[in-house]
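Summary of the model geometry
Read off the chains here:
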Number of protein chains: 4
Amino acid sequence: MSALKSFASDNNSGAHPAIMEAMIKANEGFLKSYGDDEISIHTDEVFKEYFGSQASIHYVTTGTAANVLGLRTVTQTYNSVLCAAQAHINNDECGAPEAFGGIKLVPIPSEDGKLTPGAIAPYLGHVGFVHASQPKVISITQPTELGKLYTLKEIEDLVEFAHDRDLLLHMDGARIANACAALDCSFFDMTTALDVDFISFGGTKNGCLMGEAVIFLKPNIGEGFKYLRKQAMQLVSKMRFVSAQLERYLADDLWLENARHANAMAKRLAEKAGAIDGVTIKGSVDCNAMFASIPPEATEILHEKYYFYVWDEHDHTVRWMTSWATTEAMVDEFVADIEKAIKAI
Amino acid sequence: MSALKSFASDNNSGAHPAIMEAMIKANEGFLKSYGDDEISIHTDEVFKEYFGSQASIHYVTTGTAANVLGLRTVTQTYNSVLCAAQAHINNDECGAPEAFGGIKLVPIPSEDGKLTPGAIAPYLGHVGFVHASQPKVISITQPTELGKLYTLKEIEDLVEFAHDRDLLLHMDGARIANACAALDCSFFDMTTALDVDFISFGGTKNGCLMGEAVIFLKPNIGEGFKYLRKQAMQLVSKMRFVSAQLERYLADDLWLENARHANAMAKRLAEKAGAIDGVTIKGSVDCNAMFASIPPEATEILHEKYYFYVWDEHDHTVRWMTSWATTEAMVDEFVADIEKAIKAI
Amino acid sequence: MSALKSFASDNNSGAHPAIMEAMIKANEGFLKSYGDDEISIHTDEVFKEYFGSQASIHYVTTGTAANVLGLRTVTQTYNSVLCAAQAHINNDECGAPEAFGGIKLVPIPSEDGKLTPGAIAPYLGHVGFVHASQPKVISITQPTELGKLYTLKEIEDLVEFAHDRDLLLHMDGARIANACAALDCSFFDMTTALDVDFISFGGTKNGCLMGEAVIFLKPNIGEGFKYLRKQAMQLVSKMRFVSAQLERYLADDLWLENARHANAMAKRLAEKAGAIDGVTIKGSVDCNAMFASIPPEATEILHEKYYFYVWDEHDHTVRWMTSWATTEAMVDEFVADIEKAIKAI
Amino acid sequence: MSALKSFASDNNSGAHPAIMEAMIKANEGFLKSYGDDEISIHTDEVFKEYFGSQASIHYVTTGTAANVLGLRTVTQTYNSVLCAAQAHINNDECGAPEAFGGIKLVPIPSEDGKLTPGAIAPYLGHVGFVHASQPKVISITQPTELGKLYTLKEIEDLVEFAHDRDLLLHMDGARIANACAALDCSFFDMTTALDVDFISFGGTKNGCLMGEAVIFLKPNIGEGFKYLRKQAMQLVSKMRFVSAQLERYLADDLWLENARHANAMAKRLAEKAGAIDGVTIKGSVDCNAMFASIPPEATEILHEKYYFYVWDEHDHTVRWMTSWATTEAMVDEFVADIEKAIKAI
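Calculation notes
- Residues numbered from 1 in each chain as written.
- Chains lettered and ligands numbered in written order.
- Predicted model: local features only at pLDDT ≥ 70, side-chain atom pairs only at ≥ 80, totals over all residues.
- Heavy atoms only, no water.
- Contact = heavy atoms within 4.5 Å.
- Buried area = accessible area lost by both parts, 1.4 Å probe.
- Salt bridge = Lys/Arg side-chain N within 4 Å of Asp/Glu carboxyl O.
- Polar contact = N/O pair within 3.5 Å; in protein donor to acceptor, adjacent residues only side chain to side chain.
- Helix = DSSP H or I, 4+ residues; strand = E, 2+ residues; numbered from the N terminus.
- Nonpolar A, V, L, I, M, F, W, Y, C, P; charged D, E, K, R; others polar.
- Pairing = 2+ DSSP bridges.
- Axes fitted to C-alpha atoms, helices over the stretch in contact; angles between N-to-C directions.
- Core = buried A, V, L, I, M, F, W, Y, C linked by side-chain atoms within 4.5 Å.
- Buried < 20%, exposed > 50% of the residue type's maximum accessible area, 1.4 Å probe, protein only.
- Least-squares fit on C-alpha atoms with pLDDT ≥ 70 in both.
- UniProt positions renumbered as here; feature names shortened; annotations may be inferred.
- Parallel < 35°, antiparallel > 145°, perpendicular 65-115°, else oblique.
- Left-handed = near helix turned anticlockwise from the far one by under 90°.

1. Details of the interface of chain C and chain A
Listed as interface residues are 19 residues of chain C and, on the opposing side, 19 residues of chain A. Note on chain C versus chain A: buried area summed over both sides is about 1,700 Å², and carbon and sulfur give 56% of it. Of all residues in chain C, Tyr78, Val130 and Tyr227 of chain C bury the most surface against chain A, accounting for 38% of the area lost on that side. Inspection of the region where chain C meets chain A yields 0 salt bridges. Taken together, the links from chain C to chain A amount to 10 residue pairs in polar contact (both at pLDDT 80 or more). Residue contributions to the side of chain C that touches chain A peak at 5 residues, all from helix α10 (residues 225-231) of chain C. Of the residues in the side of chain C that touches chain A, the class split is 8 nonpolar, 7 polar and 4 charged.

Structure (structure tokens):
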């Protein structure tokens, strides 16, 4: 149907065929609504195998919903959430945390979207001081919006820093599978084992249609979530169609294969494109995104055939992103066209 | 997979096979995200054929989202929305209009969930009085939460009443297809032609997976909607998977056939069950829902095999609902079992 | 300065001279801000003598603030507050509870603004049902917006009804002094002794300039209030000027004398005016308000000289209200003018 | 009554005696409530003489209310407000803009709390991009939270920068009188003449009890304010007691004399204390605040007798602030005690 050639976002790809099959299968017969169906109940169990038996799992349809609802549930309006200035919750959700939750975000400058205890410390503010929002959550994105990874040790240090100050550690895992694939660790290793408190679990970008979840990893947080999800307009009536995606996604290592593939395609693109004169890949390519410097005129030529974003207009940095659906042939064709474009200018 | 026998809600059925096929087809290749894809753009055009060229159509994943976002977009926090006390927005959305929009709802007592100008008038309050919420919208549900229909004339009168007072008329059309099928009129006849201002268009209950829309029927309302949808966590990234459902739903009269079928199954059930001694069908059965009085002991027996709600515990009224997926055989089996249950007590 | 002759509201009177003197005295020297001053701290102690040592007292500048902040502190957005349809929080605060707190109000029909367990019961809704706002507070106004009083026994019954259902009992005491004066009981008798949970304490209408308070009567409620008051823009910097009013108001029975006087003036007016042919005082005059039926033409004549409200335009009911500042002479002059007006038509 | 010796905040002083007298005078007789009284109406006229006939003036009781309500009125929840990281709205209002208005604040790093077009430009974000909060207001504080002044030219440049981008320019004038006194200009010169859009006008810190106002300087902004003020719990019933303060404050140059005096006391303190070995006054002293570096041990000694804040614990910077009530004798005594304290360590 579509001839779009996209390196713009992993969101531009469709769903993995196996997940579509699972949807078809989930469509059989009548089932209870609002998550009381067998598929949703079983999917909960599958998630617990990955994240531990104390986890509570709640399905939503967008990553924004996962982030905002998770944060909203654990905060009062007088709390603040500390995050990197580049965080999706700060930059890319049109003020949803503020509008839906009255949450104050405290954006912290960062080079690559990563936070460190040292960077956070000066922004904690006056605890107990009535004039100041009271910090409650440190939110990190893994991998970051700039495609970088926290090591497990770095996450562990942030968790310790947070817990020492009675703060919770939230992980925006919109691309959590890509992070696990890159770090060669399990979901558990990267979250529950490190004492992370709650996460946004993303499936959509890595092969689902719209399958996201808020996961509270501990029994004592998340009170009231069920009502808040309803208020957030995210209590899907035919919930089986969300959970069925994730049930299949988590089976047979589909999530892992998709993520490994996407990461590998990014590496291939970075290596091949990076070797072209006139192209500079900026920093490391940790997962499935890269930021490159190319001549603006080349972008102009490439945009006739390809869809991707100019990330920073000032120095003409472009973002290229691969997905589970990106093929080697697509990468190679793109690389050839980049080379051609640069030669043509 | 599931052996659930449900007359509880049209939400318990799956999606129509034709819509699942459309999903599979929509899955081909890469497409732009967030509604900028060809499928969503085409579906907009299809909707305009039904609702008029001035309509603007916005896809969301739940009926709550359609209602709350539509109302939120046209109101300020100091506005009020007048609705029947039984309205879904008042009773079944866990306070989402208040929580997300700061909207004050003014519930108006009603026998069957229907409003009339005479019933609304005493609740309008003091226009311009700083201590009072300022009325902005009259919201009706068609068919109502109690399964009743407004005639086109009744809607027209409410619109006129509203516009005379500078109010907007909103129609919660979670089951709008059932209403059109029952009234043998088009979507246009029941909305745009009557000068209705905006509607919640429901597809999920009548054969979609999760396909709903906010439709502003006039060009001068709906400002800011796109940002508010994002803030409401309803801007689905792979939007094609919502619009593709509705595109197919609106093709080849699928929406109409499904609705006619559901309505016919309700009529069949009402006639057959109503003929049983000990069962009283309350009032008319206008669409696909009915309220019946049966002995509590019969409910107990039936609940071993069937899923349906006791609507009012005081007088033991039960609600039975049919859907596009309810078959004649299911109805007949249920009727036979009702009869058996009553005899057994 | 002003020649306004008002029976419109106790809000039209100024402040009692003794309270102005206290303000002057409070103005001496430098004091800590935001309630950390000696006057505020001492006023807290005075309040505790009246309401019990477990009470926590928080000063605000308007009755709306007292109501909304109190309710906001004990609710989540998915909670509801049950109140009489005529309640100030439902009718006269321009949707502030919904806008600031996302609170769902459940208005309950009532003849005189009073609630009873029997009237509340059908409105409690489905506890634990995710689609329904979860009831958390029953809010009553003492005296009601229609000038009626709950007996202590009626309050006690409502508290028991509330506590049996894990609900809190809130009393809007905008005119609490008038109620105590009329019932000849102490603040303690009418609140703490009956196990009421929290109240809005009004001083403004009975002789203060702007002196109101939220009082939590038990140690385990009110968490987070101090931050919420700041967010509600009600943390006055020179707080001494609010607390000093209330400190004086509570000394030497000033609150009681003012309230008794206002009530007595209402009784005088009701008796004398009620004796005039053509004037009907509706129902009992429990405190300092009355509702009367007079010929519309008389109102027209009286409005040339006097300020008061037509409460119900349909049957031309007027509201007359007295205050601490209303004198016998004012009442008698008004009565004479009512008589003259009626004769003139 | 109080023997507090404070250089902590101008909030620690009481009200000017002339303003107390005006309160006493305003207390005579009955007046209409909620701002419909003669005093409030006249005070509006006085304000218009200062700010131009197109100004609309709205009284509130706290500076937080003035800021939050002004910003709330001109924004939608999907708008953002750009401000210095040190801005009171960002740091000292416990998240009220986010909680009451759903407003996203974009804090911009600044040395002295001042913004420049160049500093703002990179933070404007993507206009029209649905994922990003849409900038609507640039908010500056004059003088800044760090006691610095914008020149009229700097304000003019910011207004032009704002208007070129369809943004509004808001001035937080909590200490606007001190700024005018220091710049030797009128209110009009510093606001209306420079095309500023709306301001928070503060009287409390400079001699009022609690007298603040939101002033919209142009006729086409501020729609809905009256309802929003009511919702914000700031519609004081006996409004005369707020407006009477400001009426007197603006008469006979009282505002100017008070501000000049406070500024002069700060200058005196800065010069005398700055001359002491071991004391460094940081940067210029533009109005009535200064930041000084002194030995921590000296602070410890001084705190036995004086009340002031340690602003930055890392480098032990203290803030000293004077007010209309600070006398030369107080300054001189404080200077002597500083000297003694430093010698004693």
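Following the structure, the description resumes.
2. Some remarks on the sheet that holds strand β10 (residues 289-293) of chain C
All names here are of chain C. As summarised here, the arrangement of the 4 strands in space is β9-β10-β13-β12, forming an open sheet in which the pairing is antiparallel. Each edge of the open sheet carries a strand with a single partner, namely β9 (280-281) and β12 (309-312). Pairing of β12 with strand β13 (residues 317-321), which is carried by 3 bridges, proceeds in the antiparallel orientation. Residue pairing in the sheet places Val310 in a bridge with Val318 of β13. Against the sheet, helix α12 (residues 254-274) touches β9, β10 and β13, its axis set at about 15° to β10.

3. Thoughts on the nonpolar core
Formed by 181 residues in total, the largest nonpolar core has its most connected members in Phe51, Ile138, Phe201 and Ile215 of chain A together with Ile138, Phe201 and Ile215 of chain B. Residue contacts for Ile138 of chain B: discarding those within four places in its chain leaves Leu82, Leu115, Ile120, Phe161, Ala162, Leu167, Leu168, Leu169 and His170 of chain B. Judged by nonpolar contacts, the second largest core, of 180 residues, contains Val74 of chain C together with Phe100, Phe161 and Phe241 of chain D.

4. Regarding the relation of the copies chain B and chain A
For the match of chain B to chain A, the screw axis carries a shift of 0.0 Å, the RMSD comes to 0.0 Å, and the turn is 180°. Here the copies are linked by what is in effect a two-fold axis. Judged by C-alpha distance, Phe100 of chain B is the residue of chain B that lies nearest the rotation axis, at 3.0 Å. Comparing interface residues between copies, 100% of those in chain B also sit at the interface in chain A, which points to an isologous, same-surface contact.

5. What to know about the UniProt feature "domain: Aromatic amino acid beta-eliminating lyase/threonine aldolase" (unreviewed entry) in chain A
Taking the numbering used here, the UniProt-annotated feature "domain: Aromatic amino acid beta-eliminating lyase/threonine aldolase" (unreviewed entry) corresponds to residues 7-290 of chain A. Annotated as residues 7-290 of chain A, this span is 40% helix and 15% strand, and its ends, taken at the C-alpha atoms, are 10 Å apart.

6. Regarding the pattern of salt bridges
All names here are of chain D. Throughout the structure, instances matching the rule amount to 61 salt bridges over all chains. Here Lys340 makes a salt bridge to Asp337, at a shortest N to O gap of 3.5 Å. Of this pair, Lys340 and Asp337 both sit in helix α14 (residues 328-344), separated by 3 residues, roughly a single helical turn. The exposure class of Lys340 is exposed, given its relative accessible area of 55%.

7. What about the packing of helix α1 (residues 17-26) of chain D against helix α11 (residues 240-249) of chain D?
Residues and elements named next belong to chain D. Contact geometry for α1 and α11: axes closest at 9 Å, N-to-C directions at 135°. On the basis of their axis angle, the class for α1 and α11 is oblique. Our pair here, α1 against α11, has a crossing hand that is right-handed. Contact residues: α1 offers Ala18, Ile19, Ala22, Met23 and Ala26, while α11 offers Arg240, Phe241, Ala244, Gln245, Arg248 and Tyr249. In terms of residue class, the contact of α1 with α11 is made up of 8 nonpolar, 1 polar and 2 charged.

8. What about the relation of the copies chain C and chain A?
Take chain C, turn it by 180°, move it 0.0 Å along the axis, and it overlays chain A with an RMSD of 0.1 Å. A share of 100% of the interface residues of chain C reappears at the interface of chain A, consistent with the copies meeting face to face through the same patch.

9. Observations concerning unusual backbone geometry
Of the consecutive residues Gln142 of chain A and Pro143 of chain A, the connecting peptide bond is found in the cis state with omega at -10°. For Pro143 of chain A, the position within the fold is in the loop between β5 (134-141) and α7 (152-164). The phi dihedral of His316 of chain A is positive, around 50°, even though this residue is not glycine. Relative to the elements of secondary structure, His316 of chain A occurs in the loop between β12 (309-312) and β13 (317-321). Despite not being glycine, Asp184 of chain C has its phi angle at roughly 55°, a positive value. Relative to the helices and strands, Asp184 of chain C is located in the loop between α8 (176-183) and α9 (187-190).

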